[in-house]
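Observations on the three-dimensional arrangement
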Amino acid sequence: AQSVTQLDSQVPVFEEAPVELRCNYSSSVSVYLFWYVQYPNQGLQLLLKYLSGSTLVKGINGFEAEFNKSQTSFHLRKPSVHISDTAEYFCAVSALQGGKLIFGQGTELSVKP
Amino acid sequence: DAMVIQNPRYQVTQFGKPVTLSCSQTLNHNVMYWYQQKSSQAPKLLFHYYDKDFNNEADTPDNFQSRRPNTSFCFLDIRSPGLGDAAMYLCATSRGVSRTDTQYFGPGTRLTVL
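What this report covers is the structure whose coordinates are included nearby. Values in this document were obtained by computation on a predicted structure and should not be read as measured data.

Looking only at helices and strands, one finds zero helices and eleven strands in chain B. Its helices and strands in sequence order give chain B the pattern β-β-β-β-β-β-β-β-β-β-β, from N to C terminus. Over its C-alpha atoms chain B spans a radius of gyration of 13 Å, differing by no more than 12% from the 13 Å that the globule rule assigns to 114 residues. With respect to the three principal axes, the spread of C-alpha positions in chain B is 40 × 30 × 30 Å. Taking all 114 residues of chain B together, 52% fall into the buried category. The contacts of chain B with a sequence gap of at least 6 include a subset with a gap of at least 24, amounting to 56%. Charge-centre separation for chain B: the mean point of 11 positive side chains lies 5 Å from the mean point of 9 negative side chains.

What follows is the structure in structure tokens.
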């Protein structure tokens, strides 16, 4: 069975500081991984995705993530955060049966001035 | 811009009074999904349509139904809403159902049940 674990439910950080949001997955087959961001009272917006190829994936809004097969991780990073990055971040893996995303429980990023 | 649109953004209904939520898309995608997201939780898939083919998740209550009259529109019907059905309802679309297909989400409808 596939699963996703987001290790931190809340991450407080000061503006302009770097941030890493952690995501670990469990899968017995090849994985396809996604990071989504959800601003308050909004839907989910795709930040980036790993399907194949380079393990360092660049996304929107200055975010990037690194796929690490040996550590079964797909951590999201940003070198300098802004107040506007305050949101909920979800890591997800594409399920074996297709047409279904398995989400982690989310990480609430709170950027303080 | 191609997009996923949900109406209304906020819906208030009474306990037991049927309610319908609407989703439309201009992406011309084959697949449309409905998710339920309760406060501080991950989205939970209720069902999806691949074209006209309806796929229900095993644990989706019978109280939830869906209709897809054409490619562009999909509706979520809650026949008798209970207090536990208060949630954000998210519609999403994708080109297909392969594992590499990306899902694109609408802004959601927040349902309040009084």
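Our focus in this paragraph is the pattern of salt bridges. All names here are of chain B. According to the stated counting rule, one finds eight salt bridges over all chains in the structure shown. A salt bridge links Asp59 to Lys44; its shortest N-O distance comes to 3.4 Å. Note that Asp59 is positioned in the loop between β6 (53–56) and β7 (64–67) and Lys44 in strand β5 (residues 44–50), a separation of 15 residues in sequence. With a shortest N-O distance of 2.7 Å, Arg67 and Asp77 are connected by a salt bridge. Of this pair, Arg67 sits in strand β7 while Asp77 sits in strand β8 (residues 73–78), and the two are ten residues apart along the sequence.

All names here are of chain B. The four strands are arranged β1-β3-β8-β7 in an open sheet whose pairing can be described as antiparallel. Strands with a single pairing partner mark the edges of an open sheet, and in this sheet they are β1 (4–7) and β7. Direction aside, the axes of adjacent strands within the sheet are offset by 20° on average. In this sheet, β8 lies alongside β7 in antiparallel orientation, the contact comprising four bridges. Following the sheet pairing, Phe64 is matched in β8 by Ile78.

In this structure, the largest pocket spans a volume of roughly 430 Å³. Along the walls of the largest pocket sit 23 residues, with Gln38, Glu88 and Glu108 of chain A together with Gln37 and Ser40 of chain B positioned nearest its centre. Among the elements of the structure, β10 (87–94) and β12 (107–112) of chain A are those that each provide at least two residues to the lining of the largest pocket. Split by residue class, the lining of the largest pocket holds six nonpolar, 13 polar and four charged. Empty space within the second largest pocket amounts to approximately 340 Å³. In terms of lining residues, the second largest pocket is bounded by 17 residues, among which Leu44 and Gln45 of chain A together with Tyr104, Phe105 and Gly106 of chain B are the most central. At the level of secondary structure, the elements contributing two or more residues to the lining of the second largest pocket comprise β5 (33–38) and β6 (44–50) of chain A together with β10 (104–105) of chain B.

Residue and element names in this part refer to chain B. Positionally, Gln6 belongs in strand β1. Overall, the relative accessible area of 1% leaves Gln6 in the buried class. At 2.9 Å, the side chain of Gln6 forms a polar contact with the backbone nitrogen of Gly108. Setting aside its immediate chain neighbours within four residues, Gln6 contacts Ser22, Cys23, Trp34, Tyr89, Leu90, Cys91, Gly106, Pro107, Gly108 and Thr109.

The rules we used
Residues numbered from 1 in each chain as written. Chains lettered and ligands numbered in written order. Predicted model: local features only at pLDDT ≥ 70, side-chain atom pairs only at ≥ 80, totals over all residues. Heavy atoms only, no water. Helix = DSSP H or I, 4+ residues; strand = E, 2+ residues; numbered from the N terminus. Rg over C-alpha atoms; globule rule 2.2 N^0.38 Å. Buried < 20%, exposed > 50% of the residue type's maximum accessible area, 1.4 Å probe, protein only. Contact = heavy atoms within 4.5 Å. Lys, Arg positive; Asp, Glu negative; His and termini not counted. Charge placed at Lys NZ, Arg CZ, Asp CG, Glu CD. Salt bridge = Lys/Arg side-chain N within 4 Å of Asp/Glu carboxyl O. Pairing = 2+ DSSP bridges. Axes fitted to C-alpha atoms, helices over the stretch in contact; angles between N-to-C directions. 1 Å grid on protein atoms, 1.4 Å probe; cavity = no way out; pocket = protein on both sides within 12 Å on 5 of 7 lines; lining within 4 Å. Points joined across faces, edges and corners; volume = space filled by probe spheres on them. Nonpolar A, V, L, I, M, F, W, Y, C, P; charged D, E, K, R; others polar. Polar contact = N/O pair within 3.5 Å; in protein donor to acceptor, adjacent residues only side chain to side chain.

Honestly, that's just the spatial picture; any functional story needs more than this.
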